[in-house]
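Chain residues, written in single-letter form:
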Amino acid sequence: MPVARSGPVSIAPTVSAWPPRAGVQISDPPATAARTASASTRGDVVALGLSRTSTPRSDDVETDQRRQLWIDPAGGRLTLRSWVERWLPVQDLDPRTVDNYESYLRCHVLVRFGATPLGEITALDIDAWVKESWEEGYAAATVVSWVKLLSMILNDAVAQRLIPVNPVRQRRRRGRRCQTIARERIWATPEQVLRIANQAGMLGGQIARLLVITAAWTGCRWGELAALHRDNLDLDNGRLVVDARVGSLHESRGRRWLGPPKTPSSARTIVLPPFLIRLLRRHLETHPYEFVFANTCGSWLWRSTFDRRVLRPAIDGIRKPGVRAYPVCPGLTFHGLRHSHETWLIAGGAPEIAQARRLGHHLPNRVVEVYSHVAPEVETRLLADLQRRWHKATRSPYPKGPKQKTAANNRPQTTQRAKRNRPASTAPITAGRRNNGTNTSRAAATWHQTSGGLERSAPETPQQGQSITCRSGSPKIGRIHQEAPPTSRND
């Protein structure tokens, strides 16, 4: 007779004390069946009767996978160059922006980090790269543009779950406060602008002269003037329109096309001063092309060509055979003419909203921008001030060249004396006498070397009251001094 036992009885699933009867199927105990079902659900291979082994790391991985936060370590082994080849083609950017990004990547970013895996780029490496770039002489703004591009690329790598964090740190109040001293933009006075325009006209024709004057007295950008069409000039009402769709000329990699201006607020209507209306009307009467400022072939102007051949020599000066231009305002750029226009508006007392509307700027104060308007009397005063500056510039004499110190005995002659004196004669040196005919005119007989020897030409007969300069250089009226015939070296 079996003996009864107290407490639970555990039965091994794989061991049976008695052989099974015919037609009877032995099933696993309920606890063992539950463990088997749980193991199959998790996909783990767990032996029956054994407990499942797990680690904290595997539990964290499972948790991140369920929350879709898990990052595959293989993504961090992708190099920056490989990621950029996938990243750049899918960006929707302006063609000029794409050209800038490709230049930054090719010349700077990929040179340093191109072969580095994404997961191995550290913040310390980026800081060292920035410091080395500063020490090499690159401008702070240029280096910041490289870092911003790298940060943008790494941010998208984080969003793609290739790396956990972006190593580019936006830190504040770290290191030296000022790396370089910001220089003030150079601007020009109306007198300087007019002189630059005259020299530009000497180098590039009347179109170049009118282009400089229009840029300074309207504040337009280069692209807005280069794309200016006849249809966008209403000279009867004195209006210049910058079109919102094709109001600017864009250049990139030897290509040019018409597109929208820089900002939405740049599409505007500019009121022209009276003198500029007359200049533009006179220009269009003899200009056969559809664009106002076109080259001799009727096509658009190249900015780099105009700057190199016309604007820079007209501003900084040039000295070539047959061409002489004096320095006027060294360092001024074409965009500096826009700065000059803004400075004139401020000096003339134009309100801030009038300045913003004329230059196509966006005011930071939204309330002021929405509720402020340019009244007709404000516009009238603005145009009167610009017209006054033009008249003052045209009536103010300016020296033809830089001022130089002159000796006391070589001072420039007065206007009255310069009219009396004529160019020096080309008579040969007389025997036993000095040729002091510099800046003097002699109404005497001159001798010329011919094949037959020296021949004497007839003296010039002075008119009544004509001033005759003697050898002493003092003008006298009276008897003409006759020179003796010169002696030849063969005599």
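Overview of the structure. (Residues numbered from 1 in each chain as written. Predicted model: local features only at pLDDT ≥ 70, side-chain atom pairs only at ≥ 80, totals over all residues. Heavy atoms only, no water.)

Attention now goes to the overall build of the protein chain. For the protein chain, the count of helices and strands is 17 helices and 11 strands. Classification of the 491 residues of the protein chain by burial places 33% in the buried group. Within the protein chain, contacts between residues at least 6 apart in sequence are counted, and of these 62% link residues at least 24 apart. About 32600 Å² of surface is accessible on the protein chain, with carbon and sulfur atoms providing 52% of the total. (Helix = DSSP H or I, 4+ residues; strand = E, 2+ residues; numbered from the N terminus. Buried < 20%, exposed > 50% of the residue type's maximum accessible area, 1.4 Å probe, protein only. Contact = heavy atoms within 4.5 Å. Areas by Shrake-Rupley, 256 points an atom, 1.4 Å probe, with all protein chains shown as cover.)

With 15 residues, helix α8 (residues 190–204) should cover 21 Å at 1.5 Å per step; its first-to-last C-alpha distance of 20 Å lies within 8% of that length. Positioned one or two residues after α8, Gly205 has a phi angle of 95 degrees, which is positive. (Expected span 1.5 Å × (residues − 1).)

Although it is not a glycine, Arg161 adopts a positive phi angle of roughly 60 degrees. Within the fold, Arg161 resides in the loop between α7 (140–159) and α8. For Arg253, which is not glycine, the phi dihedral falls at a positive 55 degrees.

Ranked by size, the top nonpolar core spans 57 residues in total, and within it Ile213, Trp217, Leu233, Leu280 and Phe293 carry the most contacts. Counting only elements with at least two residues in this core, the list comes to α8, α9 (206–218), α10 (222–226), β5 (269–271), α11 (274–285), α12 (303–316), α13 (334–347) and α16 (376–395). The leading source of residues in this core is α9, at 8 residues. Excluding residues within four positions of it along the chain, Leu280 makes contact with Leu210, Thr214, Leu233, Leu235, Leu272, Val292 and Phe293. Grouped together as the second largest cluster of nonpolar side chains are 26 residues, Leu88, Phe113, Val143 and Leu154 included. (Core = buried A, V, L, I, M, F, W, Y, C linked by side-chain atoms within 4.5 Å.)

Here we take up the pattern of salt bridges. One pass over the full model with this rule turns up 11 salt bridges. Here Asp99 ties to Arg253 by a salt bridge, and the two come within 3.3 Å at their closest N and O atoms. Of this pair, Asp99 sits in helix α5 (residues 95–113) while Arg253 sits in the loop between β3 (248–252) and β4 (255–259), and the two are 154 residues apart along the sequence. According to the relative accessible area criterion, Arg253 is exposed, its value standing at 57%. (Salt bridge = Lys/Arg side-chain N within 4 Å of Asp/Glu carboxyl O.)

To continue, consider the packing of aromatic side chains. A full pass over the atoms with the stated rule returns 10 aromatic pairs. Considering the side-chain rings of Trp217 and Phe275, the 5.5 Å spacing of their centres and the 80 degrees angle between planes classify their relative orientation as edge-to-face. Placement of Trp217 in helix α9 and of Phe275 in helix α11 is noted, with a sequence separation of 58 residues between them. Residue class for Phe275 comes out buried when judged on its relative accessible area of 2%. When the centroid spacing of 5.2 Å and the interplanar angle of 85 degrees are considered together, the rings of Trp222 and Phe334 count as edge-to-face. Of this pair, Trp222 sits in helix α10 while Phe334 sits in helix α13, and the two are 112 residues apart along the sequence. Residue Trp222 shares its accessibility class with Phe334, and that shared class is buried. Every member of this aromatic cluster is reached through a ring pair, and the members are Phe113, Trp129, Tyr138 and Trp146. It is Arg256 that lies over the ring of Trp302; its NZ or CZ is 3.8 Å from the centre. (Phe/Tyr/Trp six-rings, centres within 6.5 Å; stacked < 30°, edge-to-face > 60°. Lys NZ or Arg CZ within 6 Å of the ring centre and 35° of its normal.)

Right, let's talk about α16 for a bit. Residue pairs three or four apart in sequence face the same way in an α-helix, which turns once every 3.6 residues. Between the first and last C-alpha of α16 there are 29 Å, a value that for 20 residues agrees with the 28 Å anticipated at 1.5 Å per step. Residues Val378, Leu382, Leu383, Asp385, Leu386, Gln387, Arg389, Trp390 and Ala393 constitute the buried set of α16. Looking at the buried positions of α16, the neighbouring elements they touch are α8, α9, β5, α11, α13 and α14 (352–359).

Another point: the pairing of β3. The element β3 is largely enclosed, with a buried count of 4 among its 5 residues. Here 5 bridges tie β3 to β4, and the two strands are oriented antiparallel to one another. Considered in β4, the bridge of Glu251 is made with Arg256. The antiparallel hairpin formed by β3 and β4 contains 2 residues in its connecting segment, where Arg253 sits at a positive phi of about 55 degrees. (Pairing = 2+ DSSP bridges.)

With that settled, the discussion passes to the packing of α11 against α16. Orientation of α11 relative to α16, taken along the N-to-C sense of each, is 70 degrees, at an axis distance of 8 Å. One way to sum up the angle between α11 and α16 is to call them roughly perpendicular. Of the residues in α16, those touching α11 at Pro274, Phe275, Arg278 and Leu279 are Leu386, Gln387 and Trp390. Counted by class, the contact of α11 with α16 contains 5 nonpolar, 1 polar and 1 charged residues. (Axes fitted to C-alpha atoms, helices over the stretch in contact; angles between N-to-C directions. Parallel < 35°, antiparallel > 145°, perpendicular 65-115°, else oblique. Nonpolar A, V, L, I, M, F, W, Y, C, P; charged D, E, K, R; others polar.)

Everything listed here is a matter of coordinates, which is why it stays silent on function.
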